[in-house]
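Residue-level listing of the chains:
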Amino acid sequence: EPEVTQTPSHQVTQMGQEVILRCVPISNHLYFYWYRQILGQKVEFLVSFYNNEISEKSEIFDDQFSVERPDGSNFTLKIRSTKLEDSAMYFCASSETRDKNSPLHFGNGTRLTVT
Amino acid sequence: LAKTTQPISMDSYEGQEVNITCSHNNIATNDYITWYQQFPSQGPRFIIQGYKTKVTNEVASLFIPADRKSSTLSLPRVSLSDTAVYYCLVFFRNTGKLIFGQGTTLQVKP
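Residues numbered from 1 in each chain as written. Chains lettered and ligands numbered in written order. Predicted model: local features only at pLDDT ≥ 70, side-chain atom pairs only at ≥ 80, totals over all residues. Heavy atoms only, no water.

What am I meant to see in the overall build of chain B here?
Secondary structure summary: chain B contains zero helices and 10 strands in total. For 110 residues, the compact-globule formula gives about 13 Å, and the C-alpha radius of gyration of chain B, at 13 Å, lands near that figure. Taking the principal axes of its C-alpha atoms as reference, chain B extends roughly 40 × 30 × 25 Å. Total accessible area on chain B stands at roughly 5400 Å², and carbon and sulfur atoms take up 51% of it. Averaged over its 10 positive side-chain charges, chain B has a centre that lies 10 Å from the centre of its 7 negative ones. (Helix = DSSP H or I, 4+ residues; strand = E, 2+ residues; numbered from the N terminus. Rg over C-alpha atoms; globule rule 2.2 N^0.38 Å. Areas by Shrake-Rupley, 256 points an atom, 1.4 Å probe, with all protein chains shown as cover. Lys, Arg positive; Asp, Glu negative; His and termini not counted. Charge placed at Lys NZ, Arg CZ, Asp CG, Glu CD.)

Structure (structure tokens):
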């Protein structure tokens, strides 16, 4: 079964540094998402992306965040200047369509630790 | 936006049927109910999705009454490996955005 893959599995960075989290969605999927989960808390929506532009974003997704699909396979989340509170698991997801028969498929996440 | 409410935790024993009920009182006409499972340090995994009545797959069943204000996920004969967090979500067709609640932590005991 096709999978969403995310790299790295764990990223440690210092406060103020830029990080790029990478995702390879399932190849025939057209809709892409980033979610995050702070330790012990619920999964939070960050952003959805379709046709090379952001479809919707949450209030968490401020100017420090950006997403990009630089080529035909990768989908990236960039945090320009990390803060301690950005420490979390970041999950990428993709879906074939936005139809009811097209559920989101999640990767296993990147654990970001900001020190 | 439709919000979901589900029990924070449940305990069960191996071999039992587990039913987790979720309420979504202000679900809209076009919304679908979706359930995900999450193991520690893994991404959420799709279990089942439905709009009304009953949906069954190889993993679970989903019961949705006519008013659609609640839904029940049924896991037949659970095993220890079913210990996980189960999320009831409303799928917004217009945006495709899934909003996660706190989920139900299911603990299956031997």
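Picking up where we left off.
Can you walk me through the sheet that holds strand S2 (residues 18-23) of chain B in this structure?
For sheets, the rule is that strands pair by backbone hydrogen bonds, running either parallel or antiparallel. All names here are of chain B. The strand order S2-S7-S6-S5 describes an open sheet built from four strands, whose pairing is antiparallel. Each edge of the sheet is formed by a strand with only one pairing partner; in this case those strands are S2 and strand S5 (53-56). The average undirected angle you get between the axes of adjacent strands in this sheet is 15°. Looking at chain direction, S5 and strand S6 (residues 61-64) are connected through four bridges and run antiparallel. Bridged to Val55 within S6 is Leu62. (Pairing = 2+ DSSP bridges. Axes fitted to C-alpha atoms, helices over the stretch in contact; angles between N-to-C directions.)

How should I be thinking about unusual backbone geometry in this particular structure?
Leave glycine aside and you will find that most residues have negative phi; peptide bonds, for their part, are mostly trans. Omega for the bond connecting Thr7(A) with Pro8(A) falls within 30 degrees of zero, at -10°, which places this linkage in the cis form. Position of Pro8(A) among the secondary structure elements: in the loop between strand S1 (5-7) and strand S2 (10-13). Here Thr53(B), not a glycine, exhibits a phi torsion of approximately 60°, which is positive. Structurally, the position occupied by Thr53(B) is in strand S5. Backbone geometry at Arg77(B) places phi at a positive 50°, although glycine is not the residue there. Within the secondary structure, Arg77(B) is located in the loop between strand S7 (70-75) and strand S8 (84-92). Arg77(B) gets classed as exposed once you look at its relative accessible area, which sits at 66%. (Buried < 20%, exposed > 50% of the residue type's maximum accessible area, 1.4 Å probe, protein only.)

Hey, could you run me through the sheet that holds S1(A) in this one?
Residues and elements named next belong to chain A. Read from one edge of the open sheet, four strands run S1-S3-S8-S7, paired in antiparallel fashion. Where the open sheet ends on each side, the last strands, each with one partner, are S1 and strand S7 (65-68). Sheet twist, expressed as the average angle between the axes of neighbouring strands with direction ignored, equals 20°. Judged from the three bridges that link them, S1 and strand S3 (residues 19-24) form a sheet pairing that is antiparallel. Among the inter-strand pairings, Thr7 is bridged to a residue of S3, identified as Arg22.

Got a minute to help me understand the packing of aromatic side chains in this structure?
Each aromatic ring pair is characterised by the separation of its centres together with the angle its planes make. Applying the stated criterion to the full structure yields 14 aromatic pairs over all chains. Judged by centre distance (4.3 Å) and plane angle (10°), the ring pair of Tyr31(A) and Tyr50(A) falls under stacked. One end of the pair, Tyr31(A), is in strand S4 (residues 31-37); the other, Tyr50(A), is in strand S5 (residues 43-50), and 19 residues separate them in sequence. By relative accessible area, which is 11% here, Tyr31(A) ends up buried. Judged by centre distance (5.5 Å) and plane angle (75°), the rings of Tyr35(A) and Phe45(A) are edge-to-face. Taken together, the positions of Tyr35(A) in strand S4 and Phe45(A) in strand S5 put the pair 10 residues apart, joining distant regions of the chain. With a relative accessible area of 0%, Tyr35(A) lands in the buried category. Grouped by ring-pair contacts, the aromatic residues Tyr35(A), Phe45(A), Phe106(A), Tyr36(B), Phe46(B), Tyr87(B) and Phe100(B) constitute a single cluster. (Phe/Tyr/Trp six-rings, centres within 6.5 Å; stacked < 30°, edge-to-face > 60°.)

Just to check I follow, could you spell out the pattern of salt bridges for this structure?
One side chain can pair with another of opposite charge once the charged atoms of both are near each other. Following the criterion strictly, the structure yields two salt bridges over all chains and no others. A salt bridge links Glu44(A) to Arg36(A); the nearest nitrogen and oxygen atoms lie 3.1 Å apart. You can call Arg36(A) buried: its relative accessible area is 9%. One salt bridge in this structure joins Lys109(B) and Asp11(B), with 3.4 Å as the shortest N-O distance. Note that Lys109(B) is positioned in strand S10 (residues 104-109) and Asp11(B) in strand S1 (residues 9-13), a separation of 98 residues in sequence. Judged by its relative accessible area of 53%, Asp11(B) falls in the exposed class. (Salt bridge = Lys/Arg side-chain N within 4 Å of Asp/Glu carboxyl O.)

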